[in-house]
Amino acid sequence: MTSDRCPENPGISAIITTYNRAEMVVEAINSVLAQTRQADEIIVVDDGSTDQTPLTLSQFSGLIRYFRFANGGISSARNRGIGLARYELIAFLDSDDLWLPDKLARQEEYMRQNCHCLISYTGEIWLRANTRINQGNRHRKPDGWIFEPSLQLCLVSPSSVMIRRQLFQTIGLFDESLPVCEDYDFWLRVAHRFPFHFIDVPLIVKRGRHAGQLSHKYPTMDRFRIIVLQKLLCQSDLSVEQRKQVLQVIIRKSSIIAAGCHIRNKHEDENYFSAIKQSAIVELATL
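Residues numbered from 1 in each chain as written. Predicted model: local features only at pLDDT ≥ 70, side-chain atom pairs only at ≥ 80, totals over all residues. Heavy atoms only, no water.

Novice: It is not clear to me how the pattern of salt bridges should be interpreted in this structure. Could you clarify?
Specialist: It is possible for side chains of opposite charge to pair when their charged atoms get near one another. Throughout the structure, instances matching the rule amount to 21 salt bridges. The residue glutamate 41 makes a salt bridge to arginine 65 at a minimum N-O spacing of 2.8 Å. Here glutamate 41, found in strand E2 (residues 41-46), pairs with arginine 65, found in strand E3 (residues 65-68); they are 24 residues apart in sequence, far enough to count as distant. We note a salt bridge from aspartate 94 to arginine 78, for which the minimum N-O separation is 3.3 Å. Taken as a pair, aspartate 94 in strand E4 (residues 89-94) and arginine 78 in helix H3 (residues 74-84) lie far apart in primary sequence, 16 residues in all. Each member of the pair, aspartate 94 as well as arginine 78, carries the same accessibility label: buried. Put simply, Asp175, Asp185, Arg189 and Lys231 are held in one network by salt bridges that share partners. (Salt bridge = Lys/Arg side-chain N within 4 Å of Asp/Glu carboxyl O. Helix = DSSP H or I, 4+ residues; strand = E, 2+ residues; numbered from the N terminus. Buried < 20%, exposed > 50% of the residue type's maximum accessible area, 1.4 Å probe, protein only.)

Written out as structure tokens, the structure reads:
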């Protein structure tokens, strides 16, 4: 755990990850440069872009630390950024999102006043096709021990978090074997051990319905959530109640996917998810 006294100025590393979003990443960087509390460093990790990203970002020479790697996926890009970061507080920004001007100031102040806080996150503004939309009740952000509500869907946006470096030393990094739901996996690994501190103010803008979103490439996200949940069951420090909660969600999600496969005559997939459901039912009965 953290000590009772926080460093007066621990420093903030802002990590922006991007892939083939030359125009959007410029807007993301500008939103970081416009912060009322400037980041101590801005790291841009280019995950092997094949568009004009390298040339476009040359305009920020001297303002950012730019690194371009072979394409390895979003987890690899975030992990590289963490490895490059020099400061204690780490804040991510996906290149299709934006920070509002007080994001870093409000969050740093909260973390400074709450030394026990290892991770905080903020409210969001959602844009779809440049139109603001309201979030549904199921996306309402919880505070504190958010493990159970986070099992159903990913409630935390990576662009909203501020994390103390020691959390990565305790929990580990993002799982690079997951093409999607890597954030869902990481938050659950954190949430079963530590509380999340929610700052109930919208301090980021999430922009959706644009080309290049992973949700377009992988429309059935619950398939990957089930993989994450099965992996989570291997955590030796899950409580009995947490194991029950995970198994119940696996049963529910695998049942829905199996039913959909049955309708589409995908019987091999139906049998696969039915077997996952049955295995979870059997294990749940033993707890």
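Novice: How do you make sense of the packing of aromatic side chains when you look at a structure like this?
Specialist: What characterises a pair of aromatic rings is the spacing of the ring centres plus the angle enclosed by the ring planes. Inspection of the entire model under this criterion finds 11 aromatic pairs. Aromatic ring contacts, followed pair by pair, group Phe92, Tyr121, Phe168, Phe174, Phe186, Trp187, Phe196 and Phe198 into a single cluster. Its end group placed over the ring of tryptophan 126, arginine 128 keeps NZ or CZ at 5.0 Å from the ring centre. Above the face of the tyrosine 184 ring, arginine 225 is positioned so that its terminal group lies 5.7 Å from the ring centre. (Phe/Tyr/Trp six-rings, centres within 6.5 Å; stacked < 30°, edge-to-face > 60°. Lys NZ or Arg CZ within 6 Å of the ring centre and 35° of its normal.)

Novice: For this particular structure, what's the right way to read the packing of helix H7 (residues 182-191) against helix H9 (residues 221-232)?
Specialist: A pair of packed helices can be characterised by two numbers: the angle between their axes and the separation between those axes. Look at H7 against H9: their axes get within 10 Å of each other, and the N-to-C directions meet at 30°. By the angle between their directions, the pair H7 and H9 is classed as roughly parallel. Crossing of H7 over H9 shows right-handed handedness. Here Tyr184, Asp185, Leu188 and Arg189 of H7 lie close against H9, whose contacting residues are Arg225, Val228, Leu229, Lys231 and Leu232. (Axes fitted to C-alpha atoms, helices over the stretch in contact; angles between N-to-C directions. Parallel < 35°, antiparallel > 145°, perpendicular 65-115°, else oblique. Left-handed = near helix turned anticlockwise from the far one by under 90°. Contact = heavy atoms within 4.5 Å.)

Novice: Help me understand the side chain of glutamate 270 in this model?
Specialist: Secondary-structure assignment places glutamate 270 in helix H11 (residues 267-286). Within the buried set, glutamate 270 has no salt-bridge partner at all; the shortest N-O distance to an opposite charge, 9.6 Å, is to lysine 277. Engagement of the side chain of glutamate 270 in a polar contact is seen with the side chain of histidine 262, the distance being 3.2 Å. Those residues within four positions of glutamate 270 in sequence are excluded, and the remaining contacts are Ala258, Cys261 and His262. (Lys, Arg positive; Asp, Glu negative; His and termini not counted. Polar contact = N/O pair within 3.5 Å; in protein donor to acceptor, adjacent residues only side chain to side chain.)

Novice: What exactly am I supposed to notice about unusual backbone geometry here?
Specialist: Note: most residues except glycine have negative phi, and most peptide bonds are trans. A positive phi angle is found at cysteine 181, which is not glycine, with a value near 65°. Secondary-structure assignment places cysteine 181 in the loop between helix H6 (165-171) and H7. One non-glycine residue with positive phi stands out, namely asparagine 265, at about 60°. Along the chain, asparagine 265 falls in the loop between helix H10 (240-263) and H11. According to the relative accessible area criterion, asparagine 265 is exposed, its value standing at 56%.

Novice: I tried to follow helix H1 (residues 22-33) on my own but got confused; where do I start?
Specialist: Side chains of residues three or four places apart in an α-helix project in the same direction, reflecting 3.6 residues per turn. Here H1 is 12 residues long and its end C-alpha atoms lie 17 Å apart, about the 16 Å a rise of 1.5 Å per residue gives. Taken together, the buried positions of H1 are occupied by Ala22, Met24, Val25, Val26, Ala28, Ile29, Ser31 and Val32. (Expected span 1.5 Å × (residues − 1).)

Novice: Please clarify how the state of the cysteines should be interpreted in this entry.
Specialist: By definition, a disulfide is the covalent link that joins the sulfur atoms of two cysteine residues. Considering all chains together, one arrives at zero disulfides under this definition. Cysteine 154 provides the cysteine sulfur closest to cysteine 181, a residue in no disulfide bond, and the two sulfurs are 7.6 Å apart. (Disulfide = S-S within 2.5 Å.)

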